[in-house]
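Observations on chain architecture
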Amino acid sequence: MKIRQAEMADFSELMEFYDYMCSVLAKKDFLPNGNKGGFPSAEMVEKAIVEHNQFIGVEDGKIMATYILDGNCDEAYLTAPWKSDAAEGEYVVLHALRVSPEYSRRSYGKMLTKHAVEKARKSNYKAVRLDVLEGNTIPERLFTGCGFEYVDTVEIRYKDTGKRRRLNLMEL
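Keep in mind the model is a prediction, meaning the values are calculated, not measured.

Moving on: the overall build of the protein chain. For the protein chain, the count of helices and strands is four helices and seven strands. In the protein chain, the succession of α and β elements from N to C terminus is β-α-α-β-β-β-α-β-α-β-β. Going through the 172 residues of the protein chain one by one, you find that 47% of them count as buried. On the protein chain, roughly 9100 Å² of surface is accessible, and the fraction owed to carbon and sulfur atoms is 47%.

It is worth spelling out the pairing of strand β2 (residues 54–59) at this point. Burial runs high along β2: five of the six residues are buried. When strand β1 (residues 2–5) meets β2, the two strands line up antiparallel, connected through four bridges. Residue pairing for β2: Lys2 is matched across the bridge by Val58. By the bridge criterion, six bridges tie β2 to strand β3 (residues 62–70) in an arrangement that is antiparallel. Within the sheet, the bridge partner assigned to Gln54 lies in β3 and is Ile68. Connecting β2 to the next strand, β3, in antiparallel fashion are two residues, including Asp60 with a positive phi near 55 degrees.

What the second largest pocket holds in volume is close to 160 Å³. Along the walls of the second largest pocket sit His52, Asn53, Phe55, Leu69, Asp70, Gly71, Val92, Lys119, Ala120, Ser123 and Tyr125, which together make up its complete lining. Counting only elements with at least two residues in the lining of the second largest pocket, the list comes to β3 and α3 (108–122). Residues of the lining of the second largest pocket, tallied by class, amount to five nonpolar, four polar and two charged.

Attention shifts here to unusual backbone geometry. Residue His52 is not a glycine yet carries a positive backbone phi of 65 degrees. With respect to the helices and strands, the residue His52 is situated in the loop between α2 (42–50) and β2. Its identity as a non-glycine residue notwithstanding, Asp60 has a phi of 55 degrees, on the positive side. Within the secondary structure, Asp60 is located in the loop between β2 and β3.

Here we take up the packing of aromatic side chains. Two aromatic rings, taken as a pair, are described by how far apart their centres are and by the angle between their planes. Enumeration according to the criterion identifies five aromatic pairs in this entry. Ring plane angle 55 degrees and centroid distance 6.3 Å describe the contact between Phe17 and Tyr18, whose orientation is recorded as tilted. Each member of the pair, Phe17 as well as Tyr18, carries the same accessibility label: buried. Judged by centre distance (5.0 Å) and plane angle (20 degrees), the ring pair of Phe55 and Tyr67 falls under stacked. Here Tyr67 lies in strand β3 and Phe55 lies in strand β2, a separation of 12 residues in the sequence. Over the aromatic face of Tyr91 sits the side chain of Arg129, whose NZ or CZ is 4.1 Å from the ring centroid.

Moving on: the pattern of salt bridges. Counted by the stated rule, this structure contains seven salt bridges. Between Asp10 and Arg4 there is a salt bridge, and its shortest N-O distance comes to 2.9 Å. Its salt-bridge partner being Arg166, residue Glu134 comes within 3.0 Å of it at the nearest N-O pair. With Glu134 in the loop between β5 (127–133) and α4 (137–145) and Arg166 in strand β7 (residues 164–171), this residue pair connects regions lying 32 residues apart in the sequence. A relative accessible area of 36% places Glu134 in the partly exposed class. Among the charged side chains, a salt-bridge network with shared partners connects Asp85, Glu90 and Lys126.

It is worth spelling out the environment of Tyr77 at this point. Residue position: Tyr77 is located in the loop between β3 and β4 (91–99). Sequence separation between Tyr77 and Leu169 is 92 residues, and the spatial gap between their C-alpha atoms is 8.1 Å.

Each value, and the rule that gives it
Residues numbered from 1 in each chain as written. Predicted model: local features only at pLDDT ≥ 70, side-chain atom pairs only at ≥ 80, totals over all residues. Heavy atoms only, no water. Helix = DSSP H or I, 4+ residues; strand = E, 2+ residues; numbered from the N terminus. Buried < 20%, exposed > 50% of the residue type's maximum accessible area, 1.4 Å probe, protein only. Areas by Shrake-Rupley, 256 points an atom, 1.4 Å probe, with all protein chains shown as cover. Pairing = 2+ DSSP bridges. 1 Å grid on protein atoms, 1.4 Å probe; cavity = no way out; pocket = protein on both sides within 12 Å on 5 of 7 lines; lining within 4 Å. Points joined across faces, edges and corners; volume = space filled by probe spheres on them. Nonpolar A, V, L, I, M, F, W, Y, C, P; charged D, E, K, R; others polar. Phe/Tyr/Trp six-rings, centres within 6.5 Å; stacked < 30°, edge-to-face > 60°. Lys NZ or Arg CZ within 6 Å of the ring centre and 35° of its normal. Salt bridge = Lys/Arg side-chain N within 4 Å of Asp/Glu carboxyl O.

Okay, structure coming up:
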C-alpha cells in the first residue's frame, strides 16, 4: 500500500469508498440502528483535501484505505480529561480512518495510524486525539496497539444523522 495525500482528482473515488465503508459498517453490532449516514460528509472530505489533511492508501490502482488528520473536533473534546496538556492548536485529531475489508489482516490500519502519528510529530503537535464509537472494538484494539490510551467516554451528536452516540476518546 502506498500512502499519499489526496488530491481533488481523487474526490469522487474517495466518496465512493467512504459510502461503501458506511454500508459495510452499517452491518456491525455497534451501530444498532444501521447505517450511520454519510460520514464523513462530502464537505468535510473536500475541505480536508483542500487543506492537505486527507490521506489515502492506494493499492492495485484504487483507494482501499484513508484517513483525515486535522484540528477539528466536537465540543466534548474541549472538556475531556486529556492526559496531555496540549491546548487547542497543539493537538491534532485523527478522523474517519477506514480500510476496505478486502484488504484486512494486512496491518494497513496500523500503517495508516503510524503514518498519521508521524505527520503529527513532524508538524510538532503535542498530542494526537481521536474517538471511537463505543463497542467498535476493532479500531479500539488497533489504536491501543499503536500506543493510544483511553481517556473518557462522552456523548457526541453526529451532524450527519442528528443522533447522539457514545464515543471513547483516546490520545497519544
